[in-house]
Structures are given as C-alpha cells and as structure tokens.
Amino acid sequence: TVVWPRPTVRLPEFWSPSSLNVLKICPMRLAYSFDENFGRKFRKGNTYAAMGVASHKLSERAWKQHFKDIDDAKLETALADEWAVLVQKEHEKLSAAWSPAIVPIPRDWPYFALTQVRTVARVANEVRRRMVRGAGGSEGSVRVEQRITDEVNRIDGIPDRVVLTENGFYVLDLKTGHAVSVFSDSYRRQLLIYAHLV
C-alpha cells in the first residue's frame, strides 16, 4: 500500500470562484491542488480541457476584434484556420506533459469534429452580430478576460465576458460542449462571485 503524504498547505493570497467551489465540495482536494509536489506528479491536462482552452482563446480573439476586417465569406475559414493553430499548440502542451506516452492527434480526440464545428459557428455568429465593441465605457461595451479583485474580501477572478448596458451589466461564462440546461450550485456560486466582483 502506498500512502501519499499529507499535502503541504499554502493558502492563496486571493480566492478565486473555482477555488471556493472546490473548498465547498472537498477541502482535502483543494489542499492537494495547492501542493506543488502533488501537482507535478498527478495534475496533467486532457483533450477535453485542451479543446476548451482553444475555444476560449478563439472567442476571446473575436471579442477583441481580431477578425473584424475579414470578409464575411472568408470568416469561417479564417476562424477554422485559427482554431487549428490553437488546438495544435494545446496538443504540443499535452504531448510534453504526457511524454513518453503518445497523445493522439487532435482529429482523433473524442468529440473533436463536433466541438470544432460548434465553436467556429458560435464565434462566427458573435462576429457577425457585432458583439465585439472594444473595451470602452459606453453602453454595450465589453470587458474581455480581465482580472477583477476585491481587496477587502481577498477574492479575485477573471470572468469570460462582462457586457455593460445602460441598466447595469451582465456576466457571460463560456462553456465548451453541450448547452447548460440546469444551473448547479457551484455554477450559480461562480456567477454570483463574478457579479459581486464587477
């Protein structure tokens, strides 16, 4: 029997929504997540997370107007090309983390084709609807992947999108894969913390 040593606990200077959710579910899991020795040995990425990162980055670039000057007829091709570059970078990271094991090429990942088609279509729709408004202070402006900190309560986070309106704001949290039909307690808590931070 192998017994892993108790984690070296190092509390964060600031708590994020995800760390607070893990604390609520399993404090020991959170403690091990802060243990660098444990993380180096056991914490490695997977293909689902890699596609999620690529999807987030593609959407982030669209909201930052990287594709605003591309003709509509060429938009989806440009997005698909950019998606391929982003996924390839994630594949390289996985290969380095899992070496000497061989990580399958992206087209052989589960749900790869479905995720690619959905991501490109969603981001193309975002561009076409002119949702990309920059980071100004006017109505409809968008904050993209910006860290927000509450110094008093020692909480910080990076909401995917914060859209400002004349009546306030709303927070967008991007999820890769199937649509979210039911709000879990942890998801609701995450969005409430983001709203508090904003």
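Relevant structure appears above.
Caption draft 1: How the structure looks around the environment of L20. Mapped onto the fold, L20 is located in helix α1 (residues 17-25). Along the chain, L20 and T8 lie 12 residues apart, while their C-alpha atoms are 18 Å from each other. Other than its neighbours up to four places away in sequence, L20 contacts W15 and I193.

Caption draft 2: Spatial organisation of the side chain of D150. Checked against the element boundaries, D150 lands in strand β2 (residues 148-150). In this structure D150 is buried but unpaired, with R154 as the nearest side chain of opposite charge at 7.9 Å. Polar contacts involving the side chain of D150 include one to the side chain of H196, which spans 2.7 Å. For D150, the residues in contact, after removing those within four places along its chain, are F14, I155, H196 and L197.

Caption draft 3: Region of interest: the pattern of salt bridges. Inspection of the entire model under this criterion finds 12 salt bridges. We note a salt bridge from E76 to R128, for which the minimum N-O separation is 3.3 Å. Of the two residues, E76 is situated in helix α5 (residues 72-98) and R128 in helix α6 (residues 112-128); the sequence distance between them amounts to 52 residues. What makes R128 partly exposed here is its relative accessible area of 37%. For the salt bridge of R161 with E145, the shortest nitrogen-to-oxygen distance reads 3.4 Å. Here R161, found in strand β4 (residues 161-165), pairs with E145, found in the loop between β1 (142-144) and β2; they are 16 residues apart in sequence, far enough to count as distant. Sharing partners across several salt bridges, the network here consists of E13, E151 and R154.

Caption draft 4: Region of interest: the packing of aromatic side chains. Evaluated as defined, the whole model comprises 6 aromatic pairs. Centroid distance Y32 to F38: 4.8 Å. Interplanar angle 40°. Geometry classified as tilted. Note on F38: relative accessible area 23%, which makes it partly exposed. Where W109 meets F112, the ring centres are 6.3 Å apart and the plane angle is 90°; that geometry is what we call edge-to-face. You can call F112 buried: its relative accessible area is 12%. Grouping aromatic residues by their ring pairs yields a cluster made of W83, W109 and F112. For K44, the ring lying beneath its charged end belongs to W98, and the centroid distance is 4.8 Å. Its end group placed over the ring of F14, R154 keeps NZ or CZ at 4.2 Å from the ring centre.

Caption draft 5: The arrangement of the pairing of β4 in detail. Sheet topology places β1 next to β4; 3 bridges connect them, and they run antiparallel. The residue of β4 that forms the bridge with V142 is V163. In sequence, β4 turns back onto strand β5 (residues 168-172) through a hairpin of 2 residues.

Caption draft 6: Structural context of the sheet that holds β1. Sheet architecture is open: 3 strands sit in the order β1-β4-β5, paired in antiparallel fashion. Sheet topology places β1 and β5 at the edges, where each strand pairs with a single neighbour. Here the average twist between neighbouring strands, direction ignored, is 15°. The sheet contacts of helix α4 (residues 47-63) involve β1, β4 and β5, and relative to β4 the element is tilted by about 30°.

Caption draft 7: How the structure looks around α5. Taking 1.5 Å of rise per residue, 27 residues should cover 39 Å, and α5 covers 39 Å from first to last C-alpha, within 8% of that figure. Inspection of α5 places L75, A78, L79, W83, L86, V87, E90, H91 and L94 among the buried residues, and these make up the whole buried set. Buried residues in α5 make contact with α4 and α6.

Caption draft 8: How the structure looks around the nonpolar core. The biggest cluster of nonpolar side chains holds 19 residues, and the ones touching the most others in it are L58, L79, W83 and W109. Among the secondary structure elements, those contributing two or more residues to this core are α4, α5 and α6. The greatest single-element share of this core, amounting to 6 residues, is contributed by α5. In this view, W109 contacts T47, A50, M51, V87, H91, L94, V103 and P104; residues no more than four positions away in its chain are not counted. In this structure, V171, Y187, I193 and Y194 belong to the second largest nonpolar core, which totals 7 residues.

Parameters and conventions
- Residues numbered from 1 in each chain as written.
- Predicted model: local features only at pLDDT ≥ 70, side-chain atom pairs only at ≥ 80, totals over all residues.
- Heavy atoms only, no water.
- Helix = DSSP H or I, 4+ residues; strand = E, 2+ residues; numbered from the N terminus.
- Contact = heavy atoms within 4.5 Å.
- Buried < 20%, exposed > 50% of the residue type's maximum accessible area, 1.4 Å probe, protein only.
- Lys, Arg positive; Asp, Glu negative; His and termini not counted.
- Salt bridge = Lys/Arg side-chain N within 4 Å of Asp/Glu carboxyl O.
- Polar contact = N/O pair within 3.5 Å; in protein donor to acceptor, adjacent residues only side chain to side chain.
- Phe/Tyr/Trp six-rings, centres within 6.5 Å; stacked < 30°, edge-to-face > 60°.
- Lys NZ or Arg CZ within 6 Å of the ring centre and 35° of its normal.
- Pairing = 2+ DSSP bridges.
- Axes fitted to C-alpha atoms, helices over the stretch in contact; angles between N-to-C directions.
- Expected span 1.5 Å × (residues − 1).
- Core = buried A, V, L, I, M, F, W, Y, C linked by side-chain atoms within 4.5 Å.

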